[in-house]
Amino acid sequence: MGRAAAVALVFLVMVWVRRAAPEGAETRGAALALGFALIAAAVTGALFERARLPRISGYLLFGLACGPYVADLISRPMARSLQLVNGLAIALIAFVAGLEMNLLRLRPQWRAILRLGGVTLAFVYAVIFAVLWAAWPLLPIWPEATGLPRLAVSALATTVVVSFSPTVTIAVIAESRARGRLTSLVLALVVITDLALILLFTLAMQFARWALGGTAAEEVALGARLAWEILGSFAFGAIVGAAFAVYLRLVGRELTVVLLAVCGLLSVLGDRLHFEPLLAALAAGLVVENVAPPSGDALKDAVERGALPVLILFFAAAGASMHVDALATVGLVALAVSAVRMAAVRAGVALGSRAAGLSPPLSRLVWMGLVSQAGVTLGLTILVAAEFADWGATLQTLMVALIALHELIGPILFRTALARAGEIGRMDAPEEAAPA
């Protein structure tokens, strides 16, 4: 009750500050949003944890409830101010993911992971494409499209709908302090399948450009740009990770500050060089863990101290930026597409588990880690909307509604799976031997 009362008190103080300010006075700056979000979202997350729900769901719902579409305590300018931490948060979350992917420990599972991922992705893609194609005249994207344009747009829309969210998946693992077979499997699976979907998106964009009258030069430019972003991001991240590993070995002090500085470098410099911060930070973490693994708990403690405030701000800002108006506009269609997607993911994982030889207890839980959608999906959607302004804007509205649904449902499902597998809170436990 004490924590709930603290949230209510902070909420009332924020209401008073916003209402009592003279008209025209600026009470919507970054400092007010920062302090309010850090205090109230942190306590809300703790309440969710006591209820055996993910902390990040608490951060998201706090942001949604206080955001411009509900209580308007965090206005649109304030939400944009909070989003300044987005790049740093994505880099930090991905870096932690890289630290959790020990390739030596995962080696016995790689064949199973590839089979599971391949079968799941193929099945989900086929089901979503068939449903979108059959229901196309009823969808608010471009219902009058026929023939080759309809085929191209359906393929592109399918790629975006199927995509997963490494960011949210990794964040749930980090805040749950999870470790085990399910954690490793879902983490590797979501990263590999999302890379495959980015490549599929490249092909689908090129096909759509050609089918709708684009030029060959534009197709080559898009392919070259995405190749630079993927391969260059891994190379850039590996270089930064190697430099950080050297610092860990030779200096090893003030690791929280240096870790945040490294993630800031991956985010800011990577963005200027047109790299993907998620991939670059993942590569950096992989290098630190597999090439020059740190000794002792110093890096783990630095991650814990640095991650919490960044995660709070990142997901509170994401909640405040959720477009509730998009849910109101295409809510029923989004619910139907979401239900089809979740059913397809569950069935696809079941088929893939048989092909990979996964045991039933594990195979029944994996699909729950593949529901979330977030930044990568939104980024792909923005590319489509910018390229095809006429029908791309409608697809973006639908995808924003889907992302809002899956961003709320996905973390709860995945944390439930981790709890059933008994892997929550095991990050402090000794390393397990690789499963046969």
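As the structure is a prediction and not an experimental result, all values here were calculated from the model.

So, how was this worked out
Residues numbered from 1 in each chain as written. Predicted model: local features only at pLDDT ≥ 70, side-chain atom pairs only at ≥ 80, totals over all residues. Heavy atoms only, no water. Helix = DSSP H or I, 4+ residues; strand = E, 2+ residues; numbered from the N terminus. Buried < 20%, exposed > 50% of the residue type's maximum accessible area, 1.4 Å probe, protein only. Contact = heavy atoms within 4.5 Å. Areas by Shrake-Rupley, 256 points an atom, 1.4 Å probe, with all protein chains shown as cover. Phe/Tyr/Trp six-rings, centres within 6.5 Å; stacked < 30°, edge-to-face > 60°. Lys NZ or Arg CZ within 6 Å of the ring centre and 35° of its normal. Patch = residues over 30% accessible without salt bridge, like charges linked within 9 Å, V, L, I, M, F, W, Y side chains within 5 Å. Salt bridge = Lys/Arg side-chain N within 4 Å of Asp/Glu carboxyl O. Expected span 1.5 Å × (residues − 1).

Novice: Give a detailed account of the overall build of the protein chain, specifying residues and quantitative values.
Specialist: Across its full length, the protein chain carries 18 helices and 0 strands. Burial status across the protein chain gives 52% buried among its 436 residues. In the protein chain, once contacts between residues fewer than 6 apart in sequence are set aside, the share between residues at least 24 apart is 83%. Accessible area for the protein chain stands at about 18600 Å²; split by element, carbon and sulfur atoms hold 67% of it.

Novice: Describe the packing of aromatic side chains, naming the residues involved and giving the relevant values.
Specialist: The tally for this structure, following the rule as stated, stands at 5 aromatic pairs. Aromatic side chains Phe95 and Phe244 sit 5.8 Å apart centroid to centroid with 70° between the ring planes, which places their arrangement in the edge-to-face category. One end of the pair, Phe95, is in helix H5 (residues 86-100); the other, Phe244, is in helix H11 (residues 216-250), with 149 residues separating them in the sequence. Phe244 gets classed as buried once you look at its relative accessible area, which sits at 3%. Note on Phe388 and Trp391: the rings are 4.9 Å apart at their centroids and 15° apart in plane angle, and the pair reads as stacked. Look at Trp391 and you get buried, because its relative accessible area is 2%. Grouping aromatic residues by their ring pairs yields a cluster made of Trp142, Phe388 and Trp391. Stacked on the ring of Trp133, the Lys or Arg Arg150 has its end atom at 4.2 Å from the ring centre.

Novice: So what's going on with a nonpolar patch on the surface? Residues and values would help.
Specialist: A surface patch of nonpolar side chains, amounting to about 380 Å² of accessible area, comprises Trp133, Leu148, Leu151 and Trp210. Following the sequence through the fold, Trp133 ends up in helix H7 (residues 110-134). Overall, Trp133 belongs to the partly exposed group, its relative accessible area being 32%.

Novice: Describe the environment of Leu259, with residues and values.
Specialist: With respect to the secondary-structure elements, Leu259 resides in helix H12 (residues 255-272). Note: C-alpha distance between Leu259 and Leu299 (40 residues apart in sequence) is 8.6 Å.

Novice: So what about the environment of Arg76? Which residues, and what values?
Specialist: Within the secondary structure layout, Arg76 lies in helix H4 (residues 76-82). Counting along the chain gives 245 residues from Arg76 to Ser321, while the straight-line C-alpha distance between them is 7.7 Å. Discounting residues that sit within four places of it in the chain, Arg76 has contacts with Pro68 and Tyr69.

Novice: Please provide a residue-by-residue account of helix H8 (residues 147-162), values included.
Specialist: When the terminal C-alpha atoms of H8 are compared, their 23 Å separation across 16 residues agrees well with the 22 Å that a helix rising 1.5 Å per residue should span. Of all the residues in H8, the buried ones are Arg150, Ala152, Val153, Ser154, Ala155, Leu156, Ala157, Thr158, Thr159, Val160, Val161 and Val162.

Novice: Give me helix H13 (residues 277-290): which residues, what numbers.
Specialist: End to end, H13 covers 20 Å across 14 residues, agreeing with the expected 20 Å (1.5 Å per residue, within 8%). Summarising burial for H13: 13 of the 14 residues are buried, a large majority.

Novice: Summarise the environment of Leu408; cite the residues concerned and give the values.
Specialist: Assignment of secondary structure puts Leu408 in helix H18 (residues 389-420). What makes Leu408 partly exposed here is its relative accessible area of 24%. Sequence separation between Leu408 and Leu61 is 347 residues, and the spatial gap between their C-alpha atoms is 7.8 Å.

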